[in-house]
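What the coordinates show
Below are the chains, spelled out letter by letter.
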Amino acid sequence: MKRMKKTNFSKLFNYIVLLTVLITMLMLTGCGYTKEEKAMMKKYEDVAKKNAVNYVNEKYGFKAKITGTRVLKVDPGPVPDFFPSPTGMIDVSMTHDGIDFIVNITGEDVSTDGKDDYQKTEIEEAFAKRISKETGLNIDKLGAKYKKDCRLKDKFTDIDSFLENLRAGGAKVVISISAETLDGISENNLKSLNYDGMELLIMSCRNETAEEIISNSKYFSTHQYDQNFYNVNSMDNKLFEYSLFMNGYAYMSSNKDVYCKKYEMKKVIEDVYYSYEDQNGVNPIVTITKDMAPANDWSRASGKAKELPTFENPVRIGESYAVDFDGAPRVQVFIKQEKKDKDDKAERYVALQYIDEDGNEVFTHIHPTKIEGAYSFCIENQKDMRFSIMINRK
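Now for a quick tour of the structure. (Residues numbered from 1 in each chain as written. Predicted model: local features only at pLDDT ≥ 70, side-chain atom pairs only at ≥ 80, totals over all residues. Heavy atoms only, no water.)

A look at the overall build of the chain
Put simply, the rule is: Only DSSP runs of H or I reaching four residues or more are called helices, and only runs of E reaching two or more are called strands; each is numbered from the N terminus. Radius of gyration here is computed from C-alpha atoms only, and the compact-globule reference equals 2.2 Å multiplied by the residue count raised to the power 0.38. Relative accessibility thresholds used throughout: buried, under 20% of the residue-type maximum; exposed, over 50%; partly exposed, between the two (1.4 Å probe, protein chains only). The contact definition used throughout considers only heavy atoms, calling two residues in contact when any of these lie within 4.5 Å. Counting rule for charge: Lys and Arg are taken as positive, Asp and Glu as negative, and neither His nor the chain ends is counted. Every charge is mapped to an atom, namely NZ of Lys, CZ of Arg, CG of Asp or CD of Glu.
Helices and strands together make up the secondary structure of the chain, namely 8 helices and 18 strands. Relative to the compact-globule value of 21 Å for 394 residues, the chain shows a C-alpha radius of gyration of 27 Å, a clear excess of over 25%. Oriented by its inertia axes, the alpha-carbon framework of the chain measures out at about 75 × 70 × 35 Å. Here the chain holds 394 residues, and the buried ones make up 43% of them. A sequence separation of at least 24 residues applies to 65% of the contacts in the chain between residues at least 6 apart. The average position of the 56 basic charges and that of the 61 acidic charges among the side chains of the chain differ by 6 Å.

What follows is the structure in structure tokens.
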């Protein structure tokens, strides 16, 4: 009988433990919501639907179509709760004149006290027009995030009233905005802006295709970028992953500090590119090389690769490359993903080989990000840097 590999047994054991924990917790919390609880939530939804229709009609003067509801539940905190209690508030999904939006309103009693994001696109267009005028840049696309969910009680009429309403009662509300342009940018474009509590990122895209890629990427389309705005270095590192598509960016923090980065991009061979920060006199070069250790040197058995996890059977995918940094602190590499067999489930990683400050030869690896069908990864300046894509073949 074939012996089960130790790693597979370990995975199976972990699955069994997890399943046991889940079953135990389900037993402790009961078999779900009671009939009475389900009836109560159904009542909340029915009341909220009527409230939402009346709220929209009262605020905007039209009757919107309901497309769905979501019962909001109490946050259980760090202790898991598979059946948390409803809060009484409902998110009612609606549509009108081609615009999909959400109304957040109570379902406990009759009320037209709600909030919504119906005017989000209108607000973003108003900001794009205002920022274009004040920066001298042609803003093609803009996304804004405010009040966490972009839902407002007050009807939007103009930018100034919008900002005043956000900060009513002395509230400190930060507005996070990302915008795209095909124009060249500099710090001077942002220095004329004077908005309290606004974080503004303007990216100069290489062309219209690159602009679409950035707009549609999850990082920007779902406003994940604002999670990095608290730290300029974190934001800068994340944006560098997309530098293949950007000439650079300009950023103004909520404290009105302004930063600017410009990128250069070069081709190594077909489907292999790299980018770096534009600095005077710096011209890093990435080339194909045969001067890289055999893949086996990254295996557990070789004893050369110290960083975990080590691999049993590393296999190189494609070419190996060498980097002459020429003083650049880092380069971002983009390699088109290869065609895979349907049974190829192996994870790709980037094997690195270089000489550290103490003169030691280092064998390590990093994991690439996948962007638009390419592996994107940052390589820091190290002596005699070489790299290649590898897998751990089972």
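Some remarks on the nonpolar core
Buried together is how nonpolar side chains tend to be arranged in soluble globular proteins. Defined as follows: The criterion is simple. A nonpolar core is a set of buried Ala, Val, Leu, Ile, Met, Phe, Trp, Tyr and Cys residues joined through side-chain atoms within 4.5 Å.
Core analysis: the largest hydrophobic core is formed by 30 residues, its most contacted members being Phe127, Leu142, Tyr146, Phe162, Ile177, Leu200 and Ile202. Put simply, the parts of the chain that give this core at least two residues each are helix 3 (120–135), strand 5 (139–145), helix 4 (159–166), strand 6 (175–181), strand 7 (198–205) and strand 8 (246–252). Counting residues in each nonpolar core, the second largest holds 21 residues, with Leu201, Cys205, Phe240 and Tyr251 among its members.

Regarding the sheet that holds strand 1 (residues 65–73)
The line we're drawing: Strands qualify as paired when DSSP identifies two bridges or more between them. Note on geometry: axes are C-alpha line fits, over the in-contact stretch for helices, and angles between N-to-C directions span 0 to 180 degrees.
Spatially, the 4 strands line up as an open sheet ordered 1-2-3-4, and their pairing is antiparallel. Two strands in the sheet have a free side with no partner beyond their single neighbour: strand 1 and strand 4 (115–116). In the packing of helix 2 (residues 35–60) onto the sheet, contacts are made with strand 1, strand 2 (86–96), strand 3 (99–106) and strand 4, and the angle to strand 2 comes to roughly 50 degrees.

Remarks on the state of the cysteines
Our working definition: Any two cysteine sulfur atoms within 2.5 Å of one another count as a disulfide.
According to the stated counting rule, one finds 0 disulfides in the structure shown. Left unpaired, Cys260 is separated from the closest cysteine sulfur, that of Cys205, by 14 Å. The class for Cys260 is partly exposed, based on a relative accessible area of 22%. In this structure Cys378 is not part of a disulfide, and its nearest cysteine sulfur, from Cys260, lies 19 Å away. The partly exposed category is assigned to Cys378, whose relative accessible area is 26%.

A look at helix 3
Rule in force here: What a helix should span is 1.5 Å times the count of its residues minus one. An arc is given here, and it is the one of the directions from the helix axis to the C-beta atoms.
In this model, helix 3 (16 residues) spans 22 Å end to end at C-alpha, consistent with the 22 Å of a helix rising 1.5 Å per residue. Along helix 3, the positions that sit buried rather than exposed are Lys120, Ile123, Glu124, Phe127, Ala128, Ile131, Ser132 and Thr135. Relative to the axis of helix 3, the buried residues are bounded by an arc of 165 degrees and lie together on one face. Exposed and oriented more than 90 degrees from the buried face of helix 3 are Glu125, Lys129 and Lys133. For helix 3, the elements touching its buried residues are strand 5, helix 4, strand 6, helix 5 (188–191) and strand 7. A positive phi of about 80 degrees marks Gly136, the residue just after helix 3.

Quick word on the pattern of salt bridges
A side chain with one charge may pair with a side chain of the opposite charge, provided their charged atoms come close. Formally: Each salt bridge in this description consists of a side-chain nitrogen of Lys or Arg and a carboxyl oxygen of Asp or Glu lying within 4 Å of one another.
Across all of its chains, the model carries 24 salt bridges by this definition. The salt bridge partner of Glu134 is Arg130, with a shortest N-O separation of 3.9 Å. Pair noted here: Glu134 and Arg130 are both in helix 3, with a separation of 4 residues, about one helical turn. Glu277 is the partner of Arg330 in a salt bridge, and the nearest nitrogen-oxygen pair spans 2.6 Å.

Here's the deal with the packing of aromatic side chains
Heads up, the condition is: Each Phe, Tyr or Trp ring, with Trp reduced to its six-membered ring, pairs with another whose centre is within 6.5 Å; inter-plane angles below 30 degrees give stacked pairs, above 60 give edge-to-face pairs, and intermediate values give tilted ones. In this scheme, the term charge over a ring applies when either NZ of a lysine or CZ of an arginine sits within 6 Å of the ring centre and within 35 degrees of the ring normal.
Overall, the coordinates contain 19 aromatic pairs when judged by the stated rule. Ring plane angle 80 degrees and centroid distance 5.5 Å describe the contact between Tyr33 and Phe83, whose orientation is recorded as edge-to-face. Here the residue Tyr33 occupies a position in the loop between helix 1 (6–29) and helix 2, and Phe83 occupies one in the loop between strand 1 and strand 2, the gap between them amounting to 50 residues. On the basis of relative accessibility, which here comes to 19%, the residue Tyr33 falls in the buried class. Given the relative accessible area of 25%, Phe83 is considered partly exposed. Between Tyr249 and Tyr263, the ring centres sit 6.4 Å apart and the planes meet at 50 degrees, which makes this aromatic pair tilted. Taken together, the positions of Tyr249 in strand 8 and Tyr263 in strand 9 (residues 258–269) put the pair 14 residues apart, joining distant regions of the chain. Note that Lys238 overlies the ring of Tyr219, its terminal NZ or CZ placed 5.1 Å from the centroid.

Focus on the side chain of Gln332
For the record, the criterion: In protein, a polar contact requires one atom able to donate a hydrogen and another able to accept it; more generally it is a pair of N or O atoms within 3.5 Å, and residues adjacent in sequence count only if both atoms are side-chain atoms.
For Gln332, the position within the fold is in strand 13 (residues 330–336). At 2.8 Å, the side chain of Gln332 and the side chain of Ser376 are in polar contact. Among residues more than four places away in sequence, those in contact with Gln332 are Phe240, Glu241, Ser243, Tyr273, Tyr274, Ser275, Ser376, Phe377 and Cys378.

Quick notes on the sheet that holds strand 18 (residues 383–392)
Taken in spatial order, the 5 strands make up an open sheet running 11-12-18-14-15, and their pairing is antiparallel. Edge positions in the sheet fall to strand 11 (285–288) and strand 15 (361–366), since each of these pairs with one other strand and no more. The mean angle between the axes of side-by-side strands here comes to 25 degrees, regardless of whether they run parallel or antiparallel. Pairing between strand 14 (residues 348–355) and strand 18: 7 bridges, direction antiparallel. Across the sheet, the residue bridging to Ile355 is Lys383, located in strand 18.

So yeah, pure geometry; function would need other evidence.
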